[in-house]
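Remarks on the overall topology
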Amino acid sequence: MATTERRPILLDFEKPLAELEARIHQIRELAEENDVDVSDQIRQLEARALQLRQEIFSSLSPAQRLQVARHPRRPSTLDYIQAISDEWMELHGDRGGTDDPALVGGIARFAGRPVVILGHQKGRDTKDNVARNFGQAAPGGYRKAMRLMEHADRFGMPILTFINTPGAWAGLDAERFGQGEAIAYNLREMFRLDVPIICTVIGEGGSGGALGIGVGDRLLMFEHSVYYVASPEACASILWRDASKAPQAAEALKITAWDLKSLGILDQLLPEPIGGAHSSPLEAAATLKQALLQHLEDLSQMTNQQRRELRYQKFRNIGVFLEATA
């Protein structure tokens, strides 16, 4: 079967790098056509391209990190499941008549150990995104997730959740079928589960849609992922009635993994390959697997009561601050 190479999807801040790489490609082709040795020059340009890539991705603004988090080719929940698990069986349905494709889950064997994995699933293209509702789960999705988590708790299987959603579905039908209740129920019930729960933000963590599967013993985030109470575009529209001020809102909201780490909300920041997780998905998956194994090992040494207390105190401490007096 003939295959065609996918064209890269460039973000605005990547254009200088793309121009340099195009120049390297052009020089290489001209040298081959004219049988000229320019290997030294090529090596210098490639070293400069690597340096430029490192400079760009080490100094991204919050708004630019948001662009990386939303990259269409960023690895999805199903991508990571296939990469890190030995076996995988997806389970469907909330036992109430629906099966939400925006939130997937099932049983996997992870490093020889049975676990339940679930997470938001975005699409790869417009058609797939429409089918997956752009990763925005409906009430049935959160009820399916809770069904799977209760199954995990019943059989002593750790729970791994992957968060990647702009937010829960906000349509009329979502409200009609109890979106708020479904998320609130998950928030309450996840605190009582006995098994280890590790939550990882693999892309975009949007508001209650993320929290619906985000109550855990440990919270991990990839370097270029974001986690927010409201999207920068929505925040800018509310505060300034001007969505174009989203970059300013992104700065103020403290949405990046670095921000959450400094605020004490994040337990581990996972480094990404230079260029983002989409530039080397297998490398990103290896980083994720190693971190999950370590945290799972640590949590498995605790008793059920210790884990529940840890989980409770973790969330009680969020938002606690000291106000300096003049």
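The structure reproduced in this document is the subject of the present report.

Our next topic: the pairing of strand β3 (residues 113-120). Burial analysis of β3 places six of its eight residues in the buried class, which makes it a mostly covered element. Pairing geometry for strand β2 (residues 103-110) and β3, over eight bridges, is antiparallel. From the neighbouring strand, alanine 108 faces β3, where its bridge partner is valine 115. Taking the residues between adjacent antiparallel strands as the criterion, β2 and β3 are bridged by two residues, where alanine 111 takes a positive phi near 55°. Pairing analysis gives four bridges linking β3 to strand β4 (residues 159-165), with the strands arranged parallel. Residue pairing in the sheet places leucine 118 in a bridge with threonine 161 of β4.

Let's shift gears to helix α11 (residues 246-253). Taken together, the buried positions of α11 are Ala246, Ala249 and Ala250. All buried residues of α11 lie within an arc of 105° about the axis, which places them on one face of the element. Considering only its buried residues, α11 is in contact with α3 (62-69) and α10 (232-239). At the C-terminal side of α11, lysine 254 shows a positive phi close to 60°.

Across the interface, α10 lies against α11 with an axial gap of 8 Å and an inter-helix angle of 105°. Between α10 and α11, the interaxial angle falls into the category roughly perpendicular. Contacts between α10 and α11 involve Pro232, Glu233, Cys235 and Ala236 on the former and, on the latter, Ala246, Ala249, Ala250 and Leu253. Each residue belonging to the contact of α10 with α11 can be placed in one class, and the counts come to seven nonpolar, no polar and one charged.

Counting 32 residues, the largest nonpolar core has Leu118, Tyr142, Met149 and Tyr227 as the members making the most contacts within it. With six residues, helix α6 (residues 139-154) is the largest single contributor of residues to this core. Once you skip the residues sitting within four places of it in the chain, methionine 149 turns out to touch Leu118, Ile159, Asn186, Met190 and Leu193. With 24 residues, the next largest nonpolar core counts Val115, Leu270, Leu292 and Leu299 among its residues.

Reading guide: rules and limits
Residues numbered from 1 in each chain as written. Predicted model: local features only at pLDDT ≥ 70, side-chain atom pairs only at ≥ 80, totals over all residues. Heavy atoms only, no water. Buried < 20%, exposed > 50% of the residue type's maximum accessible area, 1.4 Å probe, protein only. Helix = DSSP H or I, 4+ residues; strand = E, 2+ residues; numbered from the N terminus. Pairing = 2+ DSSP bridges. Arc of directions from axis to C-beta. Contact = heavy atoms within 4.5 Å. Axes fitted to C-alpha atoms, helices over the stretch in contact; angles between N-to-C directions. Parallel < 35°, antiparallel > 145°, perpendicular 65-115°, else oblique. Nonpolar A, V, L, I, M, F, W, Y, C, P; charged D, E, K, R; others polar. Core = buried A, V, L, I, M, F, W, Y, C linked by side-chain atoms within 4.5 Å.

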